[in-house]
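Now for the letters of each chain:
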Amino acid sequence: MKRQIAMIAFVLVGMSMTASAQFGKKINLGKALQAGKDVVTAVTLSDADIAKMSKEYMVWMDEHNPLTKPDTEYGKRLEKLTGHIKEVDGLKLNFGVYEVVDINAFACGDGSVRICAGLMDVMTDEEVMAVVGHEIGHVVHTDSKDAMKNAYLRSAVKNAAGATNDKVAKLTDSELGAMAEALAGAQYSQKQENEADEYGVEFCVKNGIDPYAMANSLTKLAKLSEGVAQPSYLQKMFSSHPDTMKRIERAKAKAATYAK
Ligand SMILES: [Zn+2]
């Protein structure tokens with residue numbers, strides 16, 4: 001049976017976020033905020049630090065989530081969709097599917113793109129690709145790098161690693177777990193989302209996909225949120241949320257500039 005993703009990072013468009021029970025504990029936000037406050041003045045994270053952290057983070061994510069095998073239906077579909085894409089804008093990419101129910105996807109600064117099976121189940125090939133393009137957009141625009149930096153600062157990771165050391169130590173399993181929780185709480189601004197949507201449209205065009213796939217995927221997510229039983233983050237974000245409607249209109253307008 002499918003499970004929920006162990007941790008959701010770089011939240012696609014505000015899908016509901018659920019920390020796996022395997023963490024067993026919630027991050028202490030009071031402590032984390034304090035840690036973050038201390039850290040801001042104590043440490044400067046270089047791009048190399050963030051890159052290293054991104055790699056460690058992805059190793060952790062792939063170890064804690066069920067990556068699909070190439071010979072499964074999801075694996076074959078992923079290969080069909082993304083097998084020809086090796087890099088974009090100088091960023092080397094690697095793709096994977098987590099066999100989890102979440103309707104989600106994310107990209108990480110190290111070029112890893114992970115799509116949850118739940119998203120593949122509800123979206124067409126073109127919509128999946130638009131979402132992938134959107135997520136890659138966050139990486140190319142350094143949104144995800146900034147999110148990771150903030151997650152690191154917000155989590156208690158630095159304290160645990162030793163606040164006196166200005167080099168980022170190799171993160172332990174529990175530190176990565178804490179950071180994953182902090183990342184799950186990270187949100188992108190409306191501006192960042194709009195720009196990622198535009199990137200998604202361009203990504204579609206470059207890959208010979210209907211430029212309206214971005215708007216279609218957003219519309220589908222908005223519709224899906226309507227049926228959610230308990231009020232969730234997803235529902236708040238999408239049920240006739242004016243910002244979502246604006247995003248859809250913007251994505252359509254962008255697509256129209258490419259439509260013949
Ligand atoms: Zn986004």
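Small disclaimer: the values here were computed from a predicted structure and weren't measured.

*Asks:* An account of the pattern of salt bridges is needed here, citing residue identities and associated values.
*Replies:* For side chains bearing opposite charge, pairing can occur when the charged atoms are close. Applying the stated rule across the entire model yields twelve salt bridges. For the salt bridge of Asp125 with Lys80, the shortest nitrogen-to-oxygen distance reads 2.8 Å. Pair noted here: Asp125 is in helix H5 (residues 125-140) and Lys80 is in helix H3 (residues 73-82), with a separation of 45 residues, a long-range link. The salt bridge partner of Lys220 is Glu127, with a shortest N-O separation of 2.9 Å. Taken together, the residues Lys220 in helix H10 (residues 213-226) and Glu127 in helix H5 connect sequence positions 93 residues apart. With relative accessibility at 25%, the residue Lys220 sits in the partly exposed group.

*Asks:* Quick one: what's the story with the packing of aromatic side chains, residue by residue and with numbers?
*Replies:* Between two aromatic rings, the relevant description is the distance of the centres plus the angle of the planes. Scanning the entire structure with this criterion turns up one aromatic pair. On the basis of an interplanar angle of 40° and a centroid distance of 6.3 Å, the ring pair of Tyr98 and Phe106 is categorised as tilted. According to the relative accessible area criterion, Tyr98 is buried, its value standing at 0%. Here Phe106 falls in the buried class, since its relative accessible area comes to 1%.

*Asks:* Tell me about the nonpolar core, residues and numbers included.
*Replies:* In this structure, Leu93, Val113, Ile115, Val132 and Ile136 are the most contacted members of the largest nonpolar core, which totals 37 residues. The leading source of residues in this core is H5, at seven residues. Excluding residues within four positions of it along the chain, Val132 makes contact with Phe95, Val113, Ile115 and Phe203. Ile50, Tyr98, Leu153 and Leu176 belong to the second largest nonpolar core, which has 19 residues in total.

*Asks:* Break down the sheet that holds strand E4 (residues 105-107) for me, citing the residues and quoting the values.
*Replies:* What the three strands build is an open sheet, ordered E3-E5-E4; its pairing is mixed. The two strands at the open ends of the sheet, each matched to only one other strand, are strand E3 (94-98) and E4. This sheet shows a mean twist of 15° between the axes of neighbouring strands, independent of strand direction. Bridging between E3 and strand E5 (residues 112-116) involves five bridges; their strand directions are parallel. Each residue of the ladder has a partner; that of Val97, found in E5, is Ile115. This element, H3, spans E3 and E5 of the sheet and lies at about 150° to E3.

*Asks:* Tell me what's going on with the pairing of E5, and back it up with residues and numbers.
*Replies:* For E5, the tally of buried residues reaches five of five residues, placing the bulk of the element in the interior. Of the two faces of E5, the one lined by Ser112, Arg114 and Cys116 and the one lined by Val113 and Ile115 are each fully buried. Direction of pairing for E4 relative to E5: antiparallel, over a ladder of three bridges. Within E5, the position partnered with Ala107 by the bridge is Val113.

*Asks:* Tell me about the side chain of Ser217, residues and numbers included.
*Replies:* Along the chain, Ser217 turns up in helix H10. Look at Ser217 and you get buried, because its relative accessible area is 0%. A polar atom in the side chain of Ser217 sits 2.8 Å from the backbone oxygen of Met214. Discounting chain neighbours no more than four positions away, the residues touching Ser217 are Met123, Glu127, Ala130 and Val131.

Rules used throughout
- Residues numbered from 1 in each chain as written.
- Predicted model: local features only at pLDDT ≥ 70, side-chain atom pairs only at ≥ 80, totals over all residues.
- Heavy atoms only, no water.
- Salt bridge = Lys/Arg side-chain N within 4 Å of Asp/Glu carboxyl O.
- Helix = DSSP H or I, 4+ residues; strand = E, 2+ residues; numbered from the N terminus.
- Buried < 20%, exposed > 50% of the residue type's maximum accessible area, 1.4 Å probe, protein only.
- Phe/Tyr/Trp six-rings, centres within 6.5 Å; stacked < 30°, edge-to-face > 60°.
- Core = buried A, V, L, I, M, F, W, Y, C linked by side-chain atoms within 4.5 Å.
- Contact = heavy atoms within 4.5 Å.
- Pairing = 2+ DSSP bridges.
- Axes fitted to C-alpha atoms, helices over the stretch in contact; angles between N-to-C directions.
- Polar contact = N/O pair within 3.5 Å; in protein donor to acceptor, adjacent residues only side chain to side chain.

Read these as spatial facts, not as claims about activity.
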